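A look at the structure
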Amino acid sequence: MKKLWRNARLATLADPSGWGLIKAGAIVTEGERLHWVGQASALPAGLQVDEEHDLEGALVTPGLVDCHTHLVYGGQRAAEFELRLQGASYEQIARAGGGIRSTVSATRGATDGELYQAALGRAHALMAEGVTTVEIKSGYGLSLEHEVRCLRIARLLAHLLPLQVRTTCLSAHALPPEFEGRPDDYIAAVCEWLPVLHGQGLVDAVDVFCENIAFSLAQTRQVFEAAQRLGLPVKLHAEQLSDQGGAQLAAEFGALSCDHLEHLSAAGVQAMARAGTVAVLLPGAYYFLRETRLPPIAALRTASVPIAIATDHNPGSSPGLSPLLMLSMACTLFRLTPEEALRGMTVNGARALGLRDRGSLLAGQRADFAVWQVEHPNELAYWFGRNPCSRVIHGGQERHPTLPDDAPR
Ligand code: DI6
Ligand code: FE
């Protein structure tokens, strides 16, 4: 079925730089794909469509891609937030057995229904701000049984919602209590779970938290080798709290992305540039952990490392569910330009997931786009605490009507 979406201003992001603005634009979708994108005056003569939709002069961008979330978990960590406000550090809380481990016990103790309902609410919040593709990591189950449960719930969201979901196995997120003092044994177990999880079709990529409070470079390498044997791409939580040289290791394995990167070294930047690895920057975690060390943005730009922006939604370091707020913070905290920020949550977000079929408005790409009640795309990083997203088209289909701008929420 062909549909014409007319009367739109487009920010196509189709070229390597610039917004790709088309003032009097139109889009033709065919099934799940973009069939034609351009100036309305240049629409192919004699075009026959089955439906016509008036976008009333609104701005259209590619659907947002949130390429790093931990959406499936039980409980919350507001008490830990209070401890941190009183001076305890994220590391201290983690070493004392709180942090990720406390979410692991809440996740194990939650029913499938509870986990699903909580994740569903979070997915809806992202979708309301224009997200059409989201990555969801496991990593709060930390046993084969519970990792399977969390990944299944992530897959179920994709099945039941008009949303594209990519799942990442992050079983190497923290040491579960039953492996206390035996991190190597735990990593060996994770390497045995991977083929099982992959065999059940639950894994699109494999991630590790490589950090002094988590897993070492050697342990990360073991997990990456297990992923490589299965032909699965890897990603890495790298250099968030300290420089472990994780970026170089990830680059050696052709990683899709390295994420966080506040402590990334010059050598790490070069390795990522050579490997074509995306730098996923997470301003929500930087903000919420009250970090002061910025990721090396200038060096990443100079080396032409693609930069992505994501929510990192999780209960410990980034409980935010607003992709638009992340765009704003990418600019105010990290000094990205609004265009870099939006590119980071579209084209480069897709690239961080190994997806080349979305992220810009170009014929042939997925027909995922968001409609915004703003004049110019720079406003997406400008307003905060207000959601100007009025419509979302996912795979060529209009999604649920989102709340009008003035509706109570
Ligand atoms: N880095 C993070 O920021 C999240 N995971 C990770 O490896 C935080 C996870 C948590 O604190 O629950
Ligand atoms: Fe994370």
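This one's a predicted model, so the numbers in the text were calculated from it and none came from an experiment.

Calculation criteria
- Residues numbered from 1 in each chain as written.
- Chains lettered and ligands numbered in written order.
- Predicted model: local features only at pLDDT ≥ 70, side-chain atom pairs only at ≥ 80, totals over all residues.
- Heavy atoms only, no water.
- Helix = DSSP H or I, 4+ residues; strand = E, 2+ residues; numbered from the N terminus.
- Rg over C-alpha atoms; globule rule 2.2 N^0.38 Å.
- Buried < 20%, exposed > 50% of the residue type's maximum accessible area, 1.4 Å probe, protein only.
- Contact = heavy atoms within 4.5 Å.
- Areas by Shrake-Rupley, 256 points an atom, 1.4 Å probe, with all protein chains shown as cover.
- Lys, Arg positive; Asp, Glu negative; His and termini not counted.
- Charge placed at Lys NZ, Arg CZ, Asp CG, Glu CD.
- Core = buried A, V, L, I, M, F, W, Y, C linked by side-chain atoms within 4.5 Å.
- Phe/Tyr/Trp six-rings, centres within 6.5 Å; stacked < 30°, edge-to-face > 60°.
- Near = heavy atom within 4 Å.
- Polar contact = N/O pair within 3.5 Å; in protein donor to acceptor, adjacent residues only side chain to side chain.
- Nonpolar A, V, L, I, M, F, W, Y, C, P; charged D, E, K, R; others polar.

Another point: the overall build of the protein chain. Regarding its fold elements, the protein chain presents 14 helices and 16 strands. In summary, the protein chain has a C-alpha radius of gyration of 21 Å against a globular reference of 22 Å for 409 residues, a match within 12%. Along the three orthogonal principal directions, the C-alpha set of the protein chain runs to about 70 × 45 × 45 Å. Taken over 409 residues, the protein chain has a buried fraction of 58%. The contacts of the protein chain with a sequence gap of at least 6 include a subset with a gap of at least 24, amounting to 71%. Carbon and sulfur atoms make up 52% of the accessible area of the protein chain, which totals about 15700 Å². The protein chain carries 35 positive and 43 negative side-chain charges, and their two centres are separated by 2 Å.

On to the nonpolar core, then. Among the nonpolar cores identified, the biggest contains 100 residues, and V223 and W372 are the most heavily contacted of them. The leading source of residues in this core is helix α6 (residues 183-199), at eight residues. Every residue in contact with V223, bar those within four places of it in the chain, is listed here: A172, I187, V190, C191, L194, V206 and V208. Among the nonpolar cores identified, the runner-up in size contains 14 residues, and I22, L55, V60 and A367 belong to it.

Once that is clear, we can look at the environment of S265. Mapped onto the secondary structure, S265 falls in the loop between β11 (257-260) and α9 (266-275). Spatially, the C-alpha atoms of S265 and G141 are 32 Å apart, while their sequence positions differ by 124 residues. The contact partners of S265, leaving out residues within four places of it in the chain, are D243 and Q248.

Attention shifts here to the packing of aromatic side chains. Aromatic ring pairs are described here by two measures, namely the spacing of the ring centres and the angle between the planes. Across all of its chains, the model carries nine aromatic pairs by this definition. Ring geometry for F81 versus F288: centroids 4.8 Å apart, planes at 20°, classification stacked. Of this pair, F81 sits in helix α1 (residues 78-85) while F288 sits in helix α10 (residues 283-288), and the two are 207 residues apart along the sequence. Residue classification places F81 among the partly exposed positions, given a relative accessible area of 31%. We classify F288 as buried; its relative accessible area is 14%. With a centroid separation of 4.8 Å and an interplanar angle of 65°, the aromatic rings of Y382 and W383 are classed as edge-to-face. A residue is classified by how much of its surface remains accessible, and W383, at 32% relative accessible area, is partly exposed.

What follows deals with the site of ligand 1. The local shell around ligand 1 holds 14 residues, among which R77, Y90, Y140, H173 and S317 are the closest. Take Y140: an N or O atom from its side chain is 2.6 Å from an oxygen atom of ligand 1. Note that an oxygen atom of ligand 1 is positioned 2.6 Å from one of the side-chain N or O atoms of S317. By residue class, the composition of the shell around ligand 1 is four nonpolar, eight polar and two charged.

This part is about the environment of A251. Mapped onto the fold, A251 is located in helix α8 (residues 246-252). In sequence terms A251 and T220 are 31 residues apart; their C-alpha atoms lie 12 Å from each other. Excluding residues within four positions of it along the chain, A251 makes contact with A271, M272, A275 and T277.

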